[in-house]
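# Structure at a glance
Next come the chains, spelled out residue by residue.
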Amino acid sequence: MFLWADLVELVHHPFSALRLIGARRHLGHGLVALAVSVTLPAAVSELGALGPYRPPANLGTLPSLTAQGADIYARWVYQHRFALPIYGIVLTVLLWLAAAGLIHVIARALGGRADFAGLVKLVGYVALVGLVIQPVNLIDALLKLQGNARAELSVGQLAGLLSVAIFLWQNVLLVLATREHYAISTERAIAAVVGPIGAVVVLVLALIIFAIVLAIVGQQPA
């Protein structure tokens, strides 16, 4: 239950909550927080995967090649809908740990003297903040089960906007966590966080593009 109490504190009082988590929690707590932050969304995605297939909307308004690529990618995602959340768990954990490693290296180079384990603990709790969006994702998954395409589109757009907002807020929390943990200035903490997170975002986009290309190539006739 301590995870949910910590999450509530992070939402209501993020600055003081980070200090208390840094002082009172251990690495194991942070790893549990990270595990929950990736497995719960995966479970919700698996629920939504039980819904029927629906082709992408408004394909007729797109150029023929773009529409073909979008349709092929949508079919590929549907065919692998149960496996993708599992892959997402592994990939997300690796990305969080990679970001933590890069932040640690840069923060130490900028004069910080704290340990890596303490940062991983804080990173796990920052990842936990992403669960705030799960009620919306759960509604989206239930709408997929019902086949309510119009409502699902609206909720999906809302979920997308909230995901961007939460991602930005998580970056703010990472800056605060880095500043407190390594006892460096805000400017140095920003420098330590922005570079690694930017690299992670570029990597994720590259992986998405690679998956789309693979899906299109795999559907082409021999």
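Residues numbered from 1 in each chain as written. Predicted model: local features only at pLDDT ≥ 70, side-chain atom pairs only at ≥ 80, totals over all residues. Heavy atoms only, no water.

### Concerning the overall build of the protein
Across its full length, the protein carries nine helices and zero strands. Element order for the protein, N to C, with α for helix and β for strand: α-α-α-α-α-α-α-α-α. Burial statistics for the protein: of 222 residues in total, 35% are counted as buried. Looking at the protein alone, contacts between residues at least 24 apart form 75% of all its contacts between residues at least 6 apart. Accessible area of the protein: about 12,200 Å², with a carbon and sulfur share of 71%. (Helix = DSSP H or I, 4+ residues; strand = E, 2+ residues; numbered from the N terminus. Buried < 20%, exposed > 50% of the residue type's maximum accessible area, 1.4 Å probe, protein only. Contact = heavy atoms within 4.5 Å. Areas by Shrake-Rupley, 256 points an atom, 1.4 Å probe, with all protein chains shown as cover.)

### Quick notes on a nonpolar patch on the surface
Nonpolar side chains collect at one region of the surface, where Val-164, Phe-167, Leu-168, Val-201, Leu-205 and Ile-208 lie side by side and expose about 510 Å² of accessible area between them. Taken together, the elements giving at least two residues each to the nonpolar patch come down to helix 8 (149-182) and helix 9 (186-219). Checked against the element boundaries, Val-164 lands in helix 8. (Patch = residues over 30% accessible without salt bridge, like charges linked within 9 Å, V, L, I, M, F, W, Y side chains within 5 Å. Salt bridge = Lys/Arg side-chain N within 4 Å of Asp/Glu carboxyl O.)

### Brief notes about unusual backbone geometry
The phi angle at Ala-183 is positive, at roughly 55°, despite the residue not being glycine. Mapping Ala-183 onto the fold places it in the loop between helix 8 and helix 9. Given a relative accessible area of 69%, Ala-183 falls into the exposed group.

### Regarding the pattern of salt bridges
A complete count under the given rule lists four salt bridges for this structure. A salt bridge links Arg-25 to Asp-6, with the shortest nitrogen-to-oxygen separation between them at 2.9 Å. With Arg-25 in the loop between helix 2 (14-24) and helix 3 (27-48) and Asp-6 in helix 1 (residues 2-12), the pair connects residues that are 19 residues apart, well separated along the chain. Lys-144 is paired through a salt bridge with Asp-140; the nearest N and O atoms lie 3.6 Å apart. Remark: Asp-140 and Lys-144 occur in helix 7 (residues 134-146); sequence separation between them is four residues, near one turn of the helix. Given the relative accessible area of 28%, Lys-144 is considered partly exposed. Beyond isolated ion pairs, a larger network of salt bridges with shared partners links Arg-19, Arg-179 and Glu-180.

### Let's talk about the side chain of Thr-178
Within the element layout of this structure, Thr-178 appears in helix 8. Within the structure, Thr-178 has its side chain in polar contact with the backbone oxygen of Leu-174 (distance 2.7 Å). Apart from the residues lying within four places of it in its own chain, the contact partners of Thr-178 are Ile-103, Ala-107, Leu-119, Ala-183, Ile-184, Ala-189, Ala-192 and Val-193. (Polar contact = N/O pair within 3.5 Å; in protein donor to acceptor, adjacent residues only side chain to side chain.)

### Considerations on the packing of aromatic side chains
For the structure on display, the rule yields one aromatic pair. Between Arg-81 and the ring centre of Tyr-78, over which it is positioned, the NZ or CZ distance is 3.9 Å. (Phe/Tyr/Trp six-rings, centres within 6.5 Å; stacked < 30°, edge-to-face > 60°. Lys NZ or Arg CZ within 6 Å of the ring centre and 35° of its normal.)

### Focus on the confidence of the model for the protein
As a general rule, the predicted coordinates of low-pLDDT regions are not to be interpreted in detail. Taken residue by residue, the protein gives an average pLDDT of 85. The fraction at 70 or more is 87%. Across the protein, the element-wise mean pLDDT spans from 73 in helix 4 (residues 64-79) up to 96 in helix 6 (residues 116-128). (pLDDT = per-residue confidence, 0-100.)

### Observations concerning the packing of helix 3 against helix 7
Running from amino to carboxyl end, helix 3 crosses helix 7 at an angle of 15°, the nearest separation of the two axes being 8 Å. Taken together, the axis directions place helix 3 and helix 7 in an arrangement best described as roughly parallel. The two elements helix 3 and helix 7 meet at a crossing, and its hand is left-handed. Between helix 3 and helix 7, the contacting residues are Leu-40, Pro-41, Val-44, Leu-47 and Gly-48 on the first element and Gln-134, Asn-137, Leu-138, Ala-141, Leu-142, Lys-144 and Leu-145 on the second. Class assignment of the residues belonging to the contact of helix 3 with helix 7 gives a composition of eight nonpolar, three polar and one charged. (Axes fitted to C-alpha atoms, helices over the stretch in contact; angles between N-to-C directions. Parallel < 35°, antiparallel > 145°, perpendicular 65-115°, else oblique. Left-handed = near helix turned anticlockwise from the far one by under 90°. Nonpolar A, V, L, I, M, F, W, Y, C, P; charged D, E, K, R; others polar.)

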